[in-house]
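This is what each chain is made of:
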Amino acid sequence: MRRIIKNGRVIDPSQNLDKTTNVYLSRGRIVAVADEAPDGFTADQEIDATGKWILPGLVDLQARLGEPGSQYAGSIASETKAAVSGGITSICCPPDTSPVNDSQAVTELLQRRARQAATAFVMPIGAITQGLDGERLSNSFSLKEAGCIALSQADKPIQNSLTLKNALEYNSTLDIPIFLRCEDKQLRNGGIAHSGPVSSRLGLPENPPAAETAALARDLVLVEESGVKAHFSQLSCARSVELIADAKKRGLPVTCDVAIHQLHLSEMDLLSFNSLFNVSPPLRSMNDKQALIQGVRNGVIDVIVSDHTPLERDTKLLPFGESAPGISGLETLLALLLKLVQNGDLDLMTAVRSVTQMPAQIIGCQTGSLVENSSADFCIVDPEAIWTLETKQMLSKGKNTPFAGWEFVGQVEETFFQGRPVYRRDSN
Amino acid sequence: MSAKLAGPNIQLNELGKLKHFLTLEGLKAHHLTEILDTAESFINPVTNEIKKVPILRGKSIMNLFFEPSTRTRTTFEIAEKRLSADVESLDIQTSATKKGESLLDTLWNLQAMQADMFVIRHSESGAAHFFSQHVAPHVHVMNAGDGQHAHPTQAMLDMFTIRKHKGDIFDLTVAIVGDVLHSRVVRSQIQALSILEAREIRVIGPKTLMPESPEAMGVHVYHNMEEGLKDVDVVIMVRLQNERMTSALIPSEKEFFKLYGLTEERLALAKPDAIVMHPGPINRGVEIDSAVADGPQSVILEQVTYGIAVRMAVMSIIMSNAAQLAQHKLEQEQQASLDLIEYNVQTGDTL
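An unreviewed UniProt entry lists chain B under the name Aspartate carbamoyltransferase, with Thiomicrorhabdus immobilis as the source organism. The UniProt entry for chain B carries the following text under Function (unreviewed entry): "Catalyzes the condensation of carbamoyl phosphate and aspartate to form carbamoyl aspartate and inorganic phosphate, the committed step in the de novo pyrimidine nucleotide biosynthesis pathway." You can read under Sequence similarities (unreviewed entry) in the UniProt record for chain B the words "Belongs to the aspartate/ornithine carbamoyltransferase superfamily. ATCase family."

The name given to chain A in an unreviewed UniProt entry is Dihydroorotase, with the source organism recorded as Thiomicrorhabdus immobilis.

Trainee: Even after reading the chapter, I still don't get the overall build of chain B, so can you show me in this structure?
Mentor: What chain B contains, in helices and strands, is 12 helices and nine strands. Radius of gyration (C-alpha) of chain B: 22 Å, near the 20 Å computed for a compact globule of 351 residues. Dimensions of chain B along its principal axes, counting C-alpha atoms only, are 85 × 50 × 50 Å. Relative to its full complement of 351 residues, chain B shows a buried share of 57%. A fraction of 73% describes how many contacts in chain B between residues 6 or more apart in sequence connect residues 24 or more apart. Entry remark: accessible area of chain B is about 15,400 Å², with carbon and sulfur atoms responsible for 51%.

Trainee: Before we go on, may I ask you to explain the interface of chain B and chain A in this structure?
Mentor: Interface size is commonly expressed as the accessible surface area that is lost when the partners come together. In this complex, chain B contributes 31 residues to the contact, which on the side of chain A involves 22 residues. Surface buried jointly by chain B and chain A totals about 2,200 Å² across both partners, of which 63% is contributed by carbon and sulfur atoms. Remark: the boundary between chain B and chain A carries one salt bridge. Residue Glu25(B) is joined to Arg201(A) by a salt bridge in which the shortest nitrogen-to-oxygen separation is 2.6 Å. Connecting chain B to chain A are five residue pairs in polar contact (both at pLDDT 80 or more). Elements that contribute at least two residues to the side of chain B that touches chain A include exactly helix H3 (103-112), helix H4 (127-134) and helix H6 (184-195) of chain B. The element best represented in the side of chain B that touches chain A is H4(B), accounting for five residues.

Trainee: Help me understand the UniProt feature "binding site: carbamoyl phosphate" (unreviewed entry) in chain B, please; the structure alone is not making it clear to me.
Mentor: Residues and elements named next belong to chain B. UniProt tags Arg71, Thr72, Arg121, His151, Gln154, Gly280 and Pro281 as "binding site: carbamoyl phosphate" (unreviewed entry). The annotated residues contributing to the lining of the largest pocket are Arg71, Thr72, Arg121, His151, Gln154, Gly280 and Pro281. Position of Arg71 among the secondary structure elements: in helix H2 (residues 71-82). Position of Gln154 among the secondary structure elements: in helix H5 (residues 152-166). Look at Gln154 and you get buried, because its relative accessible area is 7%.

Trainee: Please clarify how helix H4 (residues 161-171) of chain A should be interpreted in this entry.
Mentor: Three- or four-residue spacings in an α-helix give side chains the same orientation, since the helix completes a turn every 3.6 residues. Residue and element names in this part refer to chain A. Buried within H4 are the following residues: Thr163, Leu164, Ala167, Leu168 and Asn171. Down the axis of H4, the buried set is contained in an arc of 130°. They therefore lie on one face. With a side-chain oxygen lying 2.9 Å from the backbone nitrogen of Leu162, the N-terminal cap of H4 falls on Asn160.

Trainee: Looking at this structure, how should I read the sheet that holds strand E8 (residues 234-237) of chain B?
Mentor: Residue and element names in this part refer to chain B. Taken in spatial order, the five strands of this open sheet run E7-E6-E5-E8-E9, and their pairing is parallel. Every other strand in the sheet has two partners, leaving strand E7 (220-222) and strand E9 (275-277) as the edge strands with one partner each. The average undirected angle you get between the axes of adjacent strands in this sheet is 20°. As judged from the three bridges shared by strand E6 (residues 200-204) and E7, these two strands associate in the parallel manner. Within E7, the position partnered with Arg202 by the bridge is His220.

Trainee: Sorry if this is basic, but what is going on with the sheet that holds strand E15 (residues 303-305) of chain A here?
Mentor: Whenever strands of a sheet pair, they do so through backbone hydrogen bonds, lying parallel or antiparallel. Residue and element names in this part refer to chain A. Strand order in the open sheet made by the eight strands is E6-E7-E8-E9-E10-E13-E14-E15, with parallel pairing throughout. Because the sheet does not close on itself, it has two edges, and the strands there are strand E6 (58-60) and E15. The sheet shows a mean angle of 25° between the axes of neighbouring strands, taken without regard to direction. Each of strand E7 (88-93) and strand E8 (121-127) touches helix H1 (residues 76-85); the most contacted strand, E7, lies at about 135° to it. In the packing of helix H7 (residues 210-226) onto the sheet, the strands contacted are strand E10 (178-181), strand E13 (230-233) and strand E14 (254-259), and the crossing angle to E13 comes to about 170°.

Trainee: Is there a simple way to think about the packing of aromatic side chains in this case?
Mentor: To describe a pair of aromatic rings, one takes the distance between the centres and the angle between the planes. Residue and element names in this part refer to chain A. Going through the model one piece at a time under the given rule, you end up with 10 aromatic pairs over all chains. A centroid spacing of 4.7 Å and a plane angle of 10° characterise the contact between Phe378 and Phe416, whose relative ring orientation is stacked. Placement of Phe378 in strand E16 (residues 378-388) and of Phe416 in strand E17 (residues 407-417) is noted, with a sequence separation of 38 residues between them. Here Phe378 and Phe416 have matching classes, each one buried. Of the aromatic side chains, those joined through ring pairs into one cluster are Trp387, Phe403, Trp406 and Phe408. Stacked on the ring of Phe41, the Lys or Arg Arg2 has its end atom at 5.3 Å from the ring centre.

Conventions adopted
- Residues numbered from 1 in each chain as written.
- Chains lettered and ligands numbered in written order.
- Predicted model: local features only at pLDDT ≥ 70, side-chain atom pairs only at ≥ 80, totals over all residues.
- Heavy atoms only, no water.
- UniProt positions renumbered as here; feature names shortened; annotations may be inferred.
- Helix = DSSP H or I, 4+ residues; strand = E, 2+ residues; numbered from the N terminus.
- Rg over C-alpha atoms; globule rule 2.2 N^0.38 Å.
- Buried < 20%, exposed > 50% of the residue type's maximum accessible area, 1.4 Å probe, protein only.
- Contact = heavy atoms within 4.5 Å.
- Areas by Shrake-Rupley, 256 points an atom, 1.4 Å probe, with all protein chains shown as cover.
- Buried area = accessible area lost by both parts, 1.4 Å probe.
- Salt bridge = Lys/Arg side-chain N within 4 Å of Asp/Glu carboxyl O.
- Polar contact = N/O pair within 3.5 Å; in protein donor to acceptor, adjacent residues only side chain to side chain.
- 1 Å grid on protein atoms, 1.4 Å probe; cavity = no way out; pocket = protein on both sides within 12 Å on 5 of 7 lines; lining within 4 Å.
- Arc of directions from axis to C-beta.
- Pairing = 2+ DSSP bridges.
- Axes fitted to C-alpha atoms, helices over the stretch in contact; angles between N-to-C directions.
- Phe/Tyr/Trp six-rings, centres within 6.5 Å; stacked < 30°, edge-to-face > 60°.
- Lys NZ or Arg CZ within 6 Å of the ring centre and 35° of its normal.

Right, dumping it as structure tokens:
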């Protein structure tokens, strides 16, 4: 089917484009973004997007989909639906599934389920070590061949420095990005709350910034030695931003991301012991939060992720320290991003770039863009729509969000995946 | 820190009186004074031959201890029995979730057995807050120690002991020595002393046993025992857990005693009439020298005795507040009915 999306404000950082124009698509691909139709183009359908924004489909580098292993908390079918309702059309899922995605079989299962759902791209990330044990290297070439777009240890960083060095050196020849989350387990010492005034008052076990920064400093040294293309996930500390900035200045092939909730929340939100604020890494100080926002603003932080972790109700209905960490974040990624723009923390182009062009570039995929001949994945956003997040209306199986009751301005009206509408607000 | 703790308000009822007893943070001086004054009235039953009073007759109290405790549990049980409550104590030392039943299901099942009050000890900070948010409106929760967060009845019995000896908390300088980082008792003591406007609260110990931001709790930090003890009115020693040595927070008991142990010489730096306290059980020769523990300035055993009176006081206040609130609501309903009748009479409306 051939469609024209007319008169929308097209915001595509990959082309430095921000103008009111038309988008032409045919057979699942973008034919053109232009005021005039390409020669010979006749549309089967016209969609009027006057007053609306057209953004490339968002690319989320970190979202758990529940499958395999935790289908009760989420499934590829349910979570991809939730994703497209938030404008996300490409999802990278970490390997901490059950079983762990350390084999072609699991990678292929994920892809098969995603094809069945046919709602969004699901891009598996393979495990760096077998079973995420931090000791034995996975068959990473086979994982890459099967379709893994990156390798990571999810939330189980390799503690053994020699194993990490070997993993980075071995994979540096395979041209596959390595996602590293930095945490020194000994320094963390079971801590669940940022070391600061709140943990001091509440007696919550302390998770010091050094647990992240010391590990990051080590990892940067090993990345430099190996020459591997490394992407650092889920930064939470001001000092981490400085370390990455230095590394980039010295020309290291590094990029990094931050979870969107870290840009809105801080340790102060733990004061009521509400388990919905239990995340890993923990919510840190206001100073850290500001440094992270500044990091996105000045380009040191390349990407913003949802860090979507759908959880069963019972795993959050526990005292803070016994509850599982994580936020169901697919449906609030764009909304929270726009809030940062409205607050004056980010400009719109930088915000959109951090969830489209940059993540796509890091994983080497042709998504997150509206350039000619790219997959026609995009969303139409009503920038004036005012809405309140209600958990009962969430499409994700995981209702574990601390943002329930928050009011947002700007809402996805319609999402297209490979040229087909996969979400329309009114019809849901 | 400017932000208020969101939790404590949940422990007050509509009349601003204690409904649960979870933490001292957020309470006012009059809440604490009421507890201390009420505890005075229970000192006699503690020392009398007939120790029971019928205040909680017919009420059912369940002690849920998710982590081991002897002293606290025993004093709670004694306090409950002296108030004539029906008492059940359950050891739930492994998490209910590990047995397959959710923690809340466990709580709701016990609640269905018509409990009026839960006394809860749990290894997670905030556990008592969590339980109080999920019990039925008529059920009360008392925190008998949650993680590293709070142990409010212990702190109140410490305040009671101090008041017994010093008359008032106001204008006192109090030094707390030892493991501040891991101690829920210390957090509650600091809050109690702040609310009762002690002149100065000092914490003394190595950096490894201090939280990241102790000043946020309103204390002065000392890493030198001699400096910290100078001219204080009260010295509170804190128990040092054995695992602090194995986790490399301090090199040895011997070294800890050398730096922070309370000896007669060091105690001499405090005011001559300073009292020495310890929540127990004490480690002689680690935190405190036997000569001091058994010496004339030690009030350690009194603390244990007063613990029963203080716990009786808190429980009786909570139950009395509940009765008062019910009476208040009844009166409001009656007044509303009277107002309606009066309105009907005035307007000529009939039912």
